[in-house]
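# Examination of the molecular architecture
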Amino acid sequence: MQKPAIAVIGGTGAEGSGLVVRWAHAGYPVIIGSRSDEKAAAVAAELSALLPAGHAPISGATNAGAASAGDIVVLSVPYDSQAGMAEQIVAGAQGKVVMTVVVPLKPPKVSIVWRPEAGSAAQELQAQLGDGVQVVAAFQNIAAGHLRDLTWQPDCDVLFTGDSKEAKVAAADLIRVAGFFAVDAGPLANSSVVEGFTALLIGINARNKVQNSGIRITGIPRHE
């Protein structure tokens, strides 16, 4: 069965590009979205060069073009860019699952939890994209540093939230093929808690002089 194409809006950034590498390695065609075709194409070529032969194709497009071309859309941009990106992808995202990786952080105190008026960035995105889009939130608590290294074995989990069963199934699949253990953390309203963990982890990293602290949920059977 042909795997769905994934449009990664923000696929030129650290976390987005790492996820692109992992999904293409797992056989999912990926379209990187950027403000310019040229930048997207250049990053697509760069990431393709990191992968062994036989990986799924990685291509580049504008943000709007990528959203239209993808079967699943992933938004991996800084929170300050979310509203503008939502405007660019709203037409192409209709009828699709949109996975958001966005975390609302309030500089300069990014280690202190801050929530937007909607409750979370994910809930805000759902309102921005409308009811024709199924928003699911995931990957908020993952450090980007090792994602491009396919030999790295994650020792943290990915919590995901959403109100759509279809969106949550899609999210769980993408989490697993990226090499992580997927934990259903409930409805999209719970994304405020999961997003808040990122601020906590930033502070934990600073106090312990590390870069890659993460979240792991105990008590759930894990089948290899």
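Our structure is the block above this text.
The structure reproduced in this document is the subject of the present report. All values reported here derive from a predicted model rather than from experimental measurement. Along every chain, residues carry numbers that run from 1 in the direction the sequence is written. Thresholds applied to this predicted model are a pLDDT of at least 70 for local features of residues and 80 or more for the giving and counting of side-chain atom pairs; totals over whole chains, interfaces and linings are not thresholded and use all residues. Side-chain calculation: all heavy atoms of the structure are included, whereas hydrogens and water are not.

## Quick notes on the side chain of S164
Using the following cut-off: In DSSP terms, a helix is any run of H or I states spanning at least four residues, a strand is any run of E spanning at least two, and both are numbered starting from the N terminus. The definition of a polar contact used here is a pair of N or O atoms within 3.5 Å, where within protein one atom must be able to donate a hydrogen and the other to accept one, and adjacent residues in sequence count solely through side-chain atom pairs.
Relative to the helices and strands, S164 resides in the loop between β7 (157-162) and α6 (165-177). From its side chain, S164 meets the backbone nitrogen of A167 in a polar contact 3.1 Å long.

## Concerning helix α5 (residues 121-129)
So the rule is basically this: Exposure classes here rest on a 1.4 Å probe applied to the protein chains alone. A residue is buried below 20% of its type maximum, exposed above 50%, and partly exposed in between. Between two residues, a contact is recorded if the distance between any of their heavy atoms is within 4.5 Å.
Listed as buried for α5 are A121, A122, E124, L125, Q126 and L129. If you follow the buried residues of α5, they end up packed against β4 (72-75), α4 (82-93), β5 (97-100), β6 (134-137) and α7 (191-208). Phi turns positive, to about 90 degrees, at G130, one or two residues after α5.

## What about the layout of surface pockets?
Threshold: For cavity detection a 1 Å grid was placed over the protein atoms alone, and a set of points counts as a cavity when a 1.4 Å probe fits there but cannot get out; an open set counts as a pocket when protein lies on both sides within 12 Å along at least five of seven lines, with lining residues being those that have an atom within 4 Å of a point. Grid points are joined across faces, edges and corners, and a volume is the space filled by probe spheres set on the points. Residues are grouped as follows: Ala, Val, Leu, Ile, Met, Phe, Trp, Tyr, Cys and Pro are nonpolar; Asp, Glu, Lys and Arg are charged; all remaining types, including Gly, are polar.
Roughly 720 Å³ of volume is contained in the largest pocket. Surrounding the largest pocket, 35 residues form its lining, E15, S76, V77, P78 and Y79 being those nearest its centre. Of all the secondary structure elements, the ones that give two or more residues to the lining of the largest pocket are α1 (14-25), β2 (30-34) and α7. In terms of residue count, α7 provides more of the lining of the largest pocket than any other element does, 4 residues in total. Looking at the lining of the largest pocket, its residues break down into 15 nonpolar, 16 polar and 4 charged.

## Some remarks on α6
Counted only if it meets this: How far a helix is expected to stretch is found by multiplying one less than its residue total by 1.5 Å.
For α6, spanning 13 residues, the distance from its first C-alpha to its last is 19 Å, which sits close to the expected 18 Å at 1.5 Å a residue. Of all the positions in α6, only A167, K168, A170, A171, A172, L174 and I175 are classed as buried. Sitting at the head of α6, S164 places a side-chain oxygen 3.3 Å from the backbone nitrogen of E166. One or two residues past the end of α6 sits G179, with phi positive at roughly 100 degrees.

## Some remarks on the sheet that holds strand β8 (residues 181-184)
The condition that has to hold: Pairs of strands are assigned from DSSP output, requiring at least two bridges between the strands. Every axis corresponds to a line fitted to the C-alpha atoms, with the helix fit spanning only the stretch in contact, and the corresponding angles, defined between N-to-C directions, vary from 0 to 180 degrees.
Reading across the sheet, the 8 strands line up as β3-β2-β1-β4-β5-β6-β7-β8 and stay open at both edges, with mixed pairing between neighbours. Sheet topology places β3 (58-62) and β8 at the edges, where each strand pairs with a single neighbour. Between one strand axis and the next, the sheet turns through 25 degrees on average, direction left out of account.

## Thoughts on empty space enclosed by the protein
Applying the stated criterion across every chain, the model contains 2 cavities of 30 Å³ or more. Quantified by volume, the largest cavity comes out at close to 50 Å³. As for the largest cavity, its lining consists of N141, I142, A143, W152, D155, C156, N212, S213 and G214. Each residue belonging to the lining of the largest cavity can be placed in one class, and the counts come to 4 nonpolar, 4 polar and 1 charged. Its boundaries defined by the atoms lining it, the second largest cavity holds a volume of some 40 Å³.

Everything listed is a geometric property; what it means functionally is a separate question.
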